[in-house]
Amino acid sequence: MGSVFWQYALAMTFANTKHAYWKPEEEILSRTELEALQAERLKRTVGRVYDAVPFYRDKFDTAKVSPATVVSLGDLARLPFTTGADLRSIYPTGMLAVPIDETMRLHTSSGTTGKPKALFFSRQDVSNAAELCARSMVATGVTKQDIFQNMMTYGLFTGAFVMHYGAEKIGCLVIPAGPGNTERQLMLMQDFHTTTIHITPSFALYFADMLEKRGIDPRKDLALKRAFVGAEPYTEETRRKIEEGLGLRVFNSYGLSEMNGPGVAFECQEQAGMHLWEDHYAMEIINPETGQVLPDGERGELVLTTLLREAMPIIRYRTRDITSIVPEPCPCGRTHRRIQRITGRADDMLIVRGVNIYPQQIERVLMSVPKVGRNYLITLEGLDEMTVRVELSEFGFDGQLEHVVALQNEIATQLRAEILIKPKIDLVPPGTLPISEGKAKRVIDNRKL
Amino acid sequence: MNSVRLLAVFVENKPGQTANITRLLAEAGVNIRWVTIANSGPFGVMKFLVPDPDQGHRVLRQSGVMASFLDILPVEVADKPGALQAVADCLAKEQINLDNTSGFVANGRAVVIVETHEIDRARAALVSQGLRVLSRDELLCL
């Protein structure tokens, strides 16, 4: 009797294993093995770009770095950086490391001004990008039983494609719905029992709103389990709102077009930081002002080097994204180190009264205060006077002026705790601030400094 | 039971806001019987006594104005010295805090408009002291 129980218990333990792996040998290898793999791949990448890409040969020569001397990960810090401006300067084909007929796909970054960044993929590069997406999705619990509705734009933007291929590798049923057309999205979800979606945060919030207005309870009426939310930055509070509104779990991920798009780093079931796939990318955190490499745990700019890219390897790419490395092992067993959610862009950083402030810090505070809406605008004027205009939520007014004043003071106090200065808070009725289309303009800097 | 419901409107504190709200109400045929406007820095709250606050609310919300309701106690007092003090004393004894208070005299009748978070206790206290709390109809017919 007892032994039957234990057999049963043991069987259940394995059946319910929370952490499934796509390819365990690539995910739970030891740090020593992983770092040896990285060093070998770095060496090969550096040799290849020096030989094949004049842009890098010049950079290395100017920095007086001979590729032969790059033998370990420690040598990474001696290599020159690559910036977004560099990628634009070599547009369209200046950074190719293979003949153009070896490339199979072109994507571009979402350049808002001037020329975009052109990003080439070889057959192997496309396959690797899909491989990392498959690994990422399995880490969140996706299996071949899942129905994946891809609500991202298929086009020059990388995001929709690589996740599509990743889901296909796993064997999910993939519905390439694309964005928009709320009616059809809902119909597909209902008729095909979609379990997993890939969506932008703004569309997710809109969709949740629509469900609520129609009295559809996603927990009862839909089969949704998880969402991959990306392409626009969003805060932890927005994540919670989406989870609440769609009745699913949102897994944070990190990616950028310059590094294949999504699937560079992904949360596992623990949802405590994103595993950055170090067998494909070498990561560093640097001080964005000095370029100095910072120790694990310190916040700074993420710098990435591709380790397996064929068509267009990139050395020490300045992502401009601010985060920190979580060096502690993760309970999921994966040995790839995690990064924290992105807390800002190096370009977005404001310096107000000598304090470094990222608009995302302000957004996080605003979204955590009840009765506050989603729309806000930060204005800087005169000598470092900061005003945060923020809308009340639809239900934020109960008829009493005193309550609005108290809310205003609460926001100011909470912001003071987060950003160390106390801005002026202007609460305004919903619908007062301009509605953002695409990337919202959140900061107006009129300072005469 | 006989607290009176006001229409409360949240607006930005900038020129033209009052005119905008009163125009919307006028166009919808809403008669304003009493009004108070209070500002605090960047925003303000207008409170209106209107015959049908639900209708006023609907009219404003349709135009995207942020409106809500607020319950108050209209207390009729004698039009003579010490009358307001009777109300204040009565509430003070019960440790009830007044949020906003205003008053007026119409047709020889004096009314104190009491706003408090403890509207039920306040009513009970006032009534027990023999003070008369007016109903909505009584207030509108003054």
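Residues numbered from 1 in each chain as written. Chains lettered and ligands numbered in written order. Predicted model: local features only at pLDDT ≥ 70, side-chain atom pairs only at ≥ 80, totals over all residues. Heavy atoms only, no water.

> Sorry, what's going on with the packing of helix α12 (residues 359-368) of chain A against helix α13 (residues 401-419) of chain A here?
Packed helices, taken two at a time, are described by the angle their axes make and the gap between the axes. Residues and elements named next belong to chain A. One way to put it is that α12 packs onto α13 with a least axis distance of 10 Å and a crossing angle of 145 degrees. At the point where α12 passes α13, the crossing takes the right-handed sense. Across from Gln361, Ile362, Arg364, Val365, Leu366 and Ser368 in α12, the residues of α13 making contact are Ile411, Gln414, Leu415, Glu418 and Ile419. The residue makeup of the contact of α12 with α13, split by class, is six nonpolar, three polar and two charged. (Axes fitted to C-alpha atoms, helices over the stretch in contact; angles between N-to-C directions. Helix = DSSP H or I, 4+ residues; strand = E, 2+ residues; numbered from the N terminus. Left-handed = near helix turned anticlockwise from the far one by under 90°. Contact = heavy atoms within 4.5 Å. Nonpolar A, V, L, I, M, F, W, Y, C, P; charged D, E, K, R; others polar.)

> Looking at this structure, how should I read the packing of helix α11 (residues 236-246) of chain A against α12 of chain A?
Residues and elements named next belong to chain A. The contact between α11 and α12 brings their axes to 8 Å, and the two run at 40 degrees. When the interaxial angle is binned, α11 and α12 end up oblique. Mapping the contact onto sequence places Glu237, Thr238 and Lys241 in α11 and Glu363, Arg364, Met367 and Ser368 in α12. When its residues are assigned to classes, the contact of α11 with α12 shows one nonpolar, two polar and four charged. (Parallel < 35°, antiparallel > 145°, perpendicular 65-115°, else oblique.)

> Is there a simple way to think about the sheet that holds strand β6 (residues 226-229) of chain A in this case?
Hydrogen bonds along the backbone pair up the strands of a sheet, which may run parallel or antiparallel. Residues and elements named next belong to chain A. Here five strands make up an open sheet; going across it, the order is β4-β3-β5-β6-β7 and the pairing parallel. Two strands bound the open sheet, and with one partner strand each, they are β4 (173-175) and β7 (249-251). With strand direction ignored, the average angle separating the axes of adjacent strands in the sheet is 20 degrees. Across the sheet, helix α7 (residues 159-170) touches β3 (147-150), β4, β5 (196-199) and β6, and the angle it forms with β3 is around 170 degrees. (Pairing = 2+ DSSP bridges.)

> What's the story with the confidence of the model for chain B in this structure? I'm lost.
The predicted coordinates should not be examined in detail at positions where pLDDT is low. Residues and elements named next belong to chain B. Looking at chain B, pLDDT values average 91 and 99% of them are 70 or higher. Here strand β5 (residues 100-106) is the element of chain B with the lowest mean pLDDT, 88, and strand β1 (residues 4-12) is the one with the highest, 95. Overall fold confidence for the complex sits at a pTM of 0.69, while the interface term, ipTM, reaches 0.85. (pLDDT = per-residue confidence, 0-100.)

> How should I be thinking about the interface of chain A and chain B in this particular structure?
Often the size quoted for an interface is simply the accessible area lost on bringing the parts together. The interface is formed by 22 residues belonging to chain A together with 24 residues belonging to chain B. Three residues stand out in chain A for area buried against chain B, namely Phe397, Leu401 and Pro429 of chain A, and they jointly supply 35% of the buried area on that side. If you look at where chain A meets chain B, you find two salt bridges. Between arginine 389 of chain A and glutamate 12 of chain B there is a salt bridge, with the nearest N and O atoms lying 3.2 Å from each other. At the boundary of chain A and chain B, one finds five residue pairs in polar contact (both at pLDDT 80 or more). Of all the elements in the fold, those that place two or more residues in the side of chain A that touches chain B are β20 (385-392), α13 and β21 (424-428) of chain A. Per-element accounting of the side of chain A that touches chain B gives the leading share, six residues, to α13 of chain A. Of the residues assigned to the side of chain A that touches chain B, the class counts are 10 nonpolar, seven polar and five charged. (Buried area = accessible area lost by both parts, 1.4 Å probe. Salt bridge = Lys/Arg side-chain N within 4 Å of Asp/Glu carboxyl O. Polar contact = N/O pair within 3.5 Å; in protein donor to acceptor, adjacent residues only side chain to side chain.)

> Is there a simple way to explain the packing of aromatic side chains in this structure?
The geometry of an aromatic ring pair is captured by the separation of the ring centres together with the interplanar angle, meaning the angle of the planes. Residues and elements named next belong to chain A. Scanning the entire structure with this criterion turns up 11 aromatic pairs over all chains. Taken together, a centroid distance of 6.0 Å and an interplanar angle of 75 degrees make the contact between phenylalanine 203 and phenylalanine 207 edge-to-face. With phenylalanine 203 and phenylalanine 207 both in helix α9 (residues 201-213) and four residues apart, the pair spans about one turn of that helix. Since its relative accessible area comes to 12%, phenylalanine 203 is described here as buried. Each member of the aromatic cluster is reached from another via a ring pair, and the members are Tyr50, Phe55, Tyr56 and Phe60. (Phe/Tyr/Trp six-rings, centres within 6.5 Å; stacked < 30°, edge-to-face > 60°. Buried < 20%, exposed > 50% of the residue type's maximum accessible area, 1.4 Å probe, protein only.)

> Help me understand α12 of chain A, please; the structure alone is not making it clear to me.
Since the α-helix packs 3.6 residues into each turn, any two residues three or four apart lie on the same face. Of all 10 residues in α12 of chain A, eight are buried; the element is thus mostly enclosed. Taken together, the buried positions of α12 of chain A are Pro359, Gln360, Gln361, Ile362, Glu363, Val365, Leu366 and Met367 of chain A.

> Any chance you could explain the sheet that holds strand β8 (residues 253-256) of chain A here in plain terms?
Residue and element names in this part refer to chain A. Across the sheet, five strands lie side by side as β8-β9-β10-β15-β14; this open sheet has antiparallel pairing. In the strand order of this sheet, the two ends are held by β8 and β14 (325-326), each with one partner. Sheet topology note: the strand β9 (residues 261-267)/strand β10 (residues 274-276) ladder contains three bridges and is antiparallel. If you follow phenylalanine 266 over to β10, its bridge partner there is histidine 275.

> Could you clarify how one ought to interpret the side chain of threonine 116 of chain B in this entry?
Residues and elements named next belong to chain B. With respect to the helices, strands and loops of the structure, threonine 116 is situated in the loop between β6 (109-115) and α4 (119-128). Exposure remark for threonine 116: the relative accessible area of 8% places this residue in the buried category. A distance of 3.1 Å separates the side chain of threonine 116 from the backbone nitrogen of glutamate 118, its partner in a polar contact. For threonine 116, the contacting residues outside a window of four places in its chain are Ile96, Asn97, Asp99 and Ala122.

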